[in-house]
Amino acid sequence: MASRLNPYISFSGDARPAMEFYQSVLGGELRVSGYGEFGSEAPPGYEDKVMHGMLETPDGFTLMGADVPPGMEHAPGNNFAVSLSGDDADRLRGYWEGLSAGGTVSVPLEKQMWGDVFGMCTDKFGITWMVNIGTQG
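These remarks concern the structure in this document. The residue numbering used here restarts from 1 in each chain and proceeds along that chain's sequence as written. Note on the predicted model: pLDDT of at least 70 is required for a residue's local features to be given, and 80 or more for side-chain atom pairs to be given and counted; whole-chain, interface and lining totals, by contrast, use all residues. The side-chain numbers reported here are obtained from all heavy atoms of the structure, hydrogens and water having been left aside.

What about the pattern of salt bridges?
Quick note on the threshold: Salt bridge, as applied in this entry: a Lys or Arg side-chain nitrogen positioned within 4 Å of an Asp or Glu carboxyl oxygen.
Within this structure, the stated rule accounts for five salt bridges. In this structure, K49 and D48 form a salt bridge, with 3.7 Å as the shortest nitrogen-oxygen distance. One continuous salt-bridge network, built from bridges that share partners, spans E29, R31 and E56.

Observations concerning the nonpolar core
Rule in force here: Only buried residues count toward a nonpolar core. Its members are Ala, Val, Leu, Ile, Met, Phe, Trp, Tyr and Cys residues joined through side-chain atoms within 4.5 Å. A 1.4 Å probe rolled over the protein chains alone gives each residue an accessible area, and that area as a share of the maximum for its type sets the label: buried under 20%, exposed over 50%, partly exposed in between. Each helix is a run of DSSP H or I of at least 4 residues and each strand a run of E of at least 2, with the numbering of both proceeding from the N terminus. The contact rule is simple, with two residues in contact once any of their heavy atoms fall within 4.5 Å.
In this structure, F11, Y22, L84, L99 and W129 are the most contacted members of the largest nonpolar core, which totals 26 residues. For this core, the secondary-structure elements that each account for two or more residues are β1 (8–11), α1 (15–26), β3 (50–56), β5 (82–86), α2 (89–100), β7 (117–122) and β8 (128–133). W129 has contacts with Y22, L26, L63, V82, L84, L99, G119, M120, C121 and D123, leaving out every residue within four places of it along the chain.

As for the layout of surface pockets
Definition in use: Within this scheme a cavity is a closed region of a 1 Å grid, computed over the protein atoms alone, that accommodates a 1.4 Å probe without allowing it to escape, whereas a pocket is open but has protein on both sides within 12 Å along at least five of seven lines; lining residues each have an atom within 4 Å of a point. Grid points are joined across faces, edges and corners, and a volume is the space filled by probe spheres set on the points.
Roughly 340 Å³ of volume is contained in the largest pocket. Lining the largest pocket are 21 residues, and of these I9, S10, H74, A75 and P76 sit closest to its centre. For the lining of the largest pocket, the secondary structure elements donating two or more residues are β1 and β4 (62–67). Ranked by residue count, the leading element in the lining of the largest pocket is β1, at four residues. The computed volume of the second largest pocket comes to approximately 160 Å³. P7, F61, T62, L63 and L84 are, among the 13 residues lining the second largest pocket, the residues nearest its centre. Elements with a contribution of two residues or more to the lining of the second largest pocket: β4 and β5. Among the elements that make up the lining of the second largest pocket, the one with the highest residue count is β5 (three residues).

Regarding the sheet that holds β1
Just so we agree on the cut-off: Any two strands are treated as partners once DSSP identifies two or more bridges connecting them. Lines fitted to C-alpha atoms define the axes here, with helix axes fitted over just the stretch in contact, and angles between the N-to-C directions of these axes take values from 0 to 180 degrees.
Read from one edge to the other, the open sheet built from four strands follows the order β1-β4-β3-β2, with strand pairing classed as mixed. Each having just a single partner strand, β1 and β2 (29–34) make up the two edges of the open sheet. Neighbour-to-neighbour, the strand axes of this sheet turn through a mean angle of 15°, independent of strand direction. Examined bridge by bridge, β3 and β4 share four bridges and lie antiparallel to one another.

Structural notes on the side chain of D123
How we decide: For this count, His and the chain ends are skipped, Lys and Arg are scored as positive, and Asp and Glu as negative. By the criterion applied in these results, polar contacts are pairs of N or O atoms within 3.5 Å in which, for protein atoms, one can donate a hydrogen and the other can accept it, and in which residues neighboring in sequence qualify only through two side-chain atoms.
Note that D123 resides in the loop between β7 and β8. With no salt bridge to any partner, buried D123 finds its closest opposite charge in K124, at an N-O distance of 8.5 Å. Within polar-contact distance, the side chain of D123 engages the side chain of Y22 at 2.5 Å.

Overview of the sheet that holds β8
Read across the open sheet, the four strands follow the order β5-β8-β7-β6; overall the sheet is mixed. Since the sheet does not close on itself, it has two edges, and those belong to β5 and β6 (104–111), each with one partner. Averaged over all pairs of adjacent strands, the angle between their axes in this sheet comes to 10°, without regard to strand direction. Pairing between β5 and β8: five bridges, direction parallel. Of the residues in β8, the one forming a bridge with S85 is N132.

Just distances and angles here, no functional claims.
Shown next, in the form of structure tokens:
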């Protein structure tokens, strides 16, 4: 496998529904491993939590996520966003519709001063997404 760079999102107990949501929007294969699935006992309260999840989509996207492990603080911030970009307007608009449903739109998906169609939203799990549809030509 070639090297790759992809987002890894930490959740506070809702990694499984979040990753399933992203699969419903982006498609692809989702593999989820829970705490305690590797022959060890899950930490108390982590019996149904995600130790590692990975979504790989037909478009080549890879998104990883997990519930914060015991002893680590979950500190969401505004220092990152997940960006989807390209020139397949229909597909990207579909992603936008799915990701923004139930979330908060901070920048509506519309033509911007640089010529592309761009939007930014925070999904129902608190993750910020940017969608950019490039102009052809």
